[in-house]
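A closer look at the structure
What follows is each chain in one-letter form.
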Amino acid sequence: MHAENEKNSKIIEFAALGLMVPIITFGIYVIAHGHLTPGGGFQGGAIMATAFALLFVSLGKKAIESIKGEVLVALECIALIGFIGIAFLGMGNTFFFNFLANSGVLFGEKVPFGPNSGIFSSAGVIPLMNFFVGLEVCCGLTLIFFLIFKGAD
Amino acid sequence: MIEFFSTNGIALLIAVPLLSAFLTPLFEKINRFLRNLYIIFSVIVTVTIGFFVSYTIFVSGTLVYTLGATEPGLTMPSGLRVPVRIVLVADAFSAFMILSSSIIFFVSTIYSFGSIRKGFGKYFSLFFIMAASVFGILCTGDLFNLFVFIEILSISSTGLIAFRKEKPLSLISAYNYLIVSAVASLMILFGIGILYGQYGMLNIAAVSRAIKFSFVDVFAMVLLIAGLAMKCGSVPMHFWVPDAYGRAPSAVTAFLVVSSQASLYALFRVSFMLFAGFSLIQLVALAIITFGLLSMFIGVTMALVQKDIKRLMAYHAVSQTGYMLLGVGVGLFSINTTFYSHGLLAMEGGIFHIINHALYKGLLFLTAGAIIYATKERDLNKIGGIARKMPFTTIFFIIGAAAIAGLPPTNGFASKFLIYESVFVFNPLLSIIAVIVSMLTLISFVKIFCSAFLGPEREELKNIKEVPKPMLVAMSLLALCIISFGLFPDSVLKAIIEPAAKALLSQGAYLEAVF
């Protein structure tokens, strides 16, 4: 796919690097507002992974060589352990118990009764779990792209 | 502490292997010794929880666990008419299945320590995910959750079947398995979707209370039963079994037997809990009996002509699944009829056959794995006279073969005899077919025994040795279980089989336990 003598134009490389910033920001936005708006961990993670796909397409070998598969695997494992770990933390009551909701600490603001006006700091452990799911999906999809591009070379 | 484990046991049974699956790769980065230690530790913890949970259920009745509620038993917070949270329910039938899966999980882990040489960390990650999904299927009380666990099971099994990826045939088998499971899962999902569209609920107990058996519901029932029968490898959809069982590493094959039984569990759970009140349930029972008879006969006749040792045993697995379907199908037929007591006996036979099959089929696959490990050969025409070099494997093989053929001092005899006796009252012809299939099974195992173990020593197999110790320990554990179940079938029947059969038949008690 990327032969030795093939050279990508500087314009494409620069534009891809520039586009990565808004794409990742949008992905983080979708993950962070998962408990308020449509979207969530999986969707946001997939959006973030497209940034890396763009990187692989535009930079080719350079990008593939700079990323290590093992790091992605480790990050993926850490994200999944984080997800299950939060579920374990609720074990005082039950597995997956939302112990942060309405507690006033992290994402624990009390939500008034009735339609939610969009209080960001609500929903307890759900945003945290969304974050871990997002990290997992981003790493997983990036790993798949990485292996496909690596195999093609 | 004991209090904590008896209330939270079912959640931990799924959570601990799932956590271990993702911790194992991290431990592998640190150190190999630490990784092995962690694997052993977490397997022992999982199996202990499994035994403890099933003990608790047999002693004190059905366990219910609501995920994410303030209290485990709170399935319906005030103001709700149906349970909206994911509820885990484990009655005596689940407890029985958890017991049998825990034994096989433990044994195949020990065996893997001897037989798997490379990619150990990855192997165990997938293996733990597979264990978590099997326990999940056995514990869940929620239809969509059931689908999710079945899907996780399919994906992790595919990874494990393709584990020896340097061999092209294992990749093809894994691909076949993936396609068949994807089709089956879609059918299951479609069936669940129809039920959800009708009643807006996913909890099995809640749907069971609300179900009206309209035409669309019957459509959903057919989809669910067909999909689950496909996943458990009964005959019209059995073609993935010989490929998948034959090509997976042997320890995985032993656990794949348990995982198809988990699908069988789901099939029984759905037909007994959701659709038991259906006016044409006897038609469903007849369909299950027909599946069973076809599986028995086609499985064994296909096995007779095989030359590949594991493929042969895989066809026998299809044939033995037929016995379970036959026994439990007759039980389903007899609900609300005059020969209820015989139906109960047939169900006990079918259910007893589930654990017996897991034990002896597991043992036989492990011995086949040992033969392949030692000789590097799987064609029966090229193996011969290995009894001299591998005495222990030979003994274990004899025990397993006697059990699958239903010879007296083993557990296979106990359950097969129960099935013959009770099915005879239902229809003598079915019993006769079952006995003939059993004889054909014996013939084909005598064939393996003569060609592989007896006979003159072969020139090219002069330097083979007995397999490593972990593999022998694993096989001896299973052989011990087979003999002890065969010697004391009465106490096993009283302690675990009877409660399991009764739990499956008493739909009311299950509904009462949830809400």
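See the structure above.
The following refers to the structure shown.

**Brief notes about the overall build of chain A**
Check the secondary structure of chain A and you find five helices and zero strands. Ordering the α and β elements of chain A from the N terminus gives α-α-α-α-α. Relative to the globule expectation of 15 Å for 153 residues, the C-alpha radius of gyration of chain A, 19 Å, shows a markedly less compact shape. Taking the principal axes of its C-alpha atoms as reference, chain A extends roughly 65 × 30 × 20 Å. Taken over 153 residues, chain A has a buried fraction of 41%. Within chain A, contacts between residues separated by at least 24 positions form 66% of all contacts whose residues are at least 6 apart in sequence. Carbon and sulfur atoms make up 72% of the accessible area of chain A, which amounts to about 8,400 Å² in all.

**Re the interface of chain B and chain A**
Interface size, as often reported, equals the accessible area lost upon joining of the parts. Of the residues lining the interface, 21 residues belong to chain B; the matching set on chain A comes to 14 residues. For the pair chain B and chain A, the summed buried surface comes to about 1,500 Å²; carbon and sulfur atoms form 81% of the total. Across the contact surface, chain B and chain A share zero salt bridges. Connecting chain B to chain A are five residue pairs in polar contact (both at pLDDT 80 or more). When residues of the side of chain B that touches chain A are traced back to their parent elements, those giving at least two are α1 (2-30) and β1 (63-66) of chain B. No other element matches α1 of chain B, which puts 13 residues into the side of chain B that touches chain A.

**What about the side chain of Ser259 of chain B?**
Residues and elements named next belong to chain B. Tracing the chain through its elements places Ser259 in helix α10 (residues 250-274). Classification of Ser259 by relative accessible area gives buried; the value is 3%. Not counting residues up to four positions away in its chain, the partners in contact with Ser259 are Met130, Val134 and Leu153.

**With respect to the state of the cysteines**
One way to say it: the disulfide is the covalent bond shared by the sulfur atoms of two cysteines. Enumeration according to the criterion identifies zero disulfides over all chains in this entry. Free of any disulfide, Cys139 of chain A has its nearest cysteine sulfur in Cys138 of chain A, 5.4 Å distant. Overall, Cys139 of chain A belongs to the buried group, its relative accessible area being 4%. Among the cysteines around Cys139 of chain B, which has no disulfide bond, Cys232 of chain B carries the closest sulfur, lying 19 Å off.

**Here we look at the packing of α10 of chain B against helix α12 (residues 309-333) of chain B**
Residue and element names in this part refer to chain B. At a minimum axis separation of 12 Å, α10 and α12 run at an interaxial angle of 20°. Our classification of the angle between α10 and α12 gives roughly parallel. Classified by chirality, the crossing of α12 by α10 is right-handed. Only Lys310, Thr321, Met324, Leu325, Val328 and Leu332 of α12 make contact with α10, whose side of the interface consists of Ser250, Thr253, Gln261, Leu264, Leu267, Phe268, Ser271 and Phe272. Among the residues forming the contact of α10 with α12, the class breakdown is eight nonpolar, five polar and one charged.

So, how was this worked out
- Chains are numbered independently. Their residues run from 1 in the order of the written sequence.
- The lettering of chains begins at A and the numbering of ligands begins at 1, in the order of writing.
- Totals for whole chains, interfaces and linings use all residues, but because this is a predicted model, local features are given only for residues with pLDDT of at least 70 and pairs of side-chain atoms are given and counted only at 80 or more.
- Calculation of side-chain values draws on the structure's entire complement of heavy atoms; hydrogens and water are dropped beforehand.
- Starting at the N terminus, helices and strands are each numbered in turn, a helix being any DSSP run of H or I of at least four residues and a strand any DSSP run of E of at least two.
- Radius of gyration here uses only the C-alpha atoms, and the compact-globule reference equals 2.2 Å multiplied by the residue count raised to the power 0.38.
- Residue burial is assigned from relative accessible area. The probe radius is 1.4 Å, only protein chains are included, and a residue is buried under 20% of its type maximum, exposed over 50%, and partly exposed in between.
- What makes two residues a contact is simply this: any of their non-hydrogen atoms within 4.5 Å.
- Each accessible area value is a Shrake-Rupley result obtained with a 1.4 Å probe; residue values ignore everything except the protein chains displayed when judging cover.
- Buried area: the accessible area, evaluated with a 1.4 Å probe, that two parts lose upon being put together, summed over both parts.
- For salt bridges, the criterion is a side-chain nitrogen of Lys or Arg within 4 Å of an Asp or Glu carboxyl oxygen.
- Polar contact is the term for a pair of N or O atoms within 3.5 Å; when the atoms are in protein, one must be able to donate a hydrogen and the other to accept it, and sequence-neighboring residues count only if both atoms are side-chain atoms.
- What counts as a disulfide here is a pair of cysteine sulfur atoms lying within 2.5 Å.
- Axis lines are fitted through C-alpha atoms, for helices just across the contact stretch, and the angle between N-to-C directions can take any value from 0 to 180 degrees.
- Should an angle lie under 35 degrees it is considered roughly parallel, over 145 roughly antiparallel, and from 65 to 115 roughly perpendicular; all remaining angles are considered oblique.
- By convention the crossing between two helices is left-handed if the near helix lies anticlockwise of the far one by an angle smaller than a right angle, and right-handed if it lies clockwise.
- Here the term charged refers only to Asp, Glu, Lys and Arg, the term nonpolar to Ala, Val, Leu, Ile, Met, Phe, Trp, Tyr, Cys and Pro, and the term polar to all other amino acids, Gly among them.

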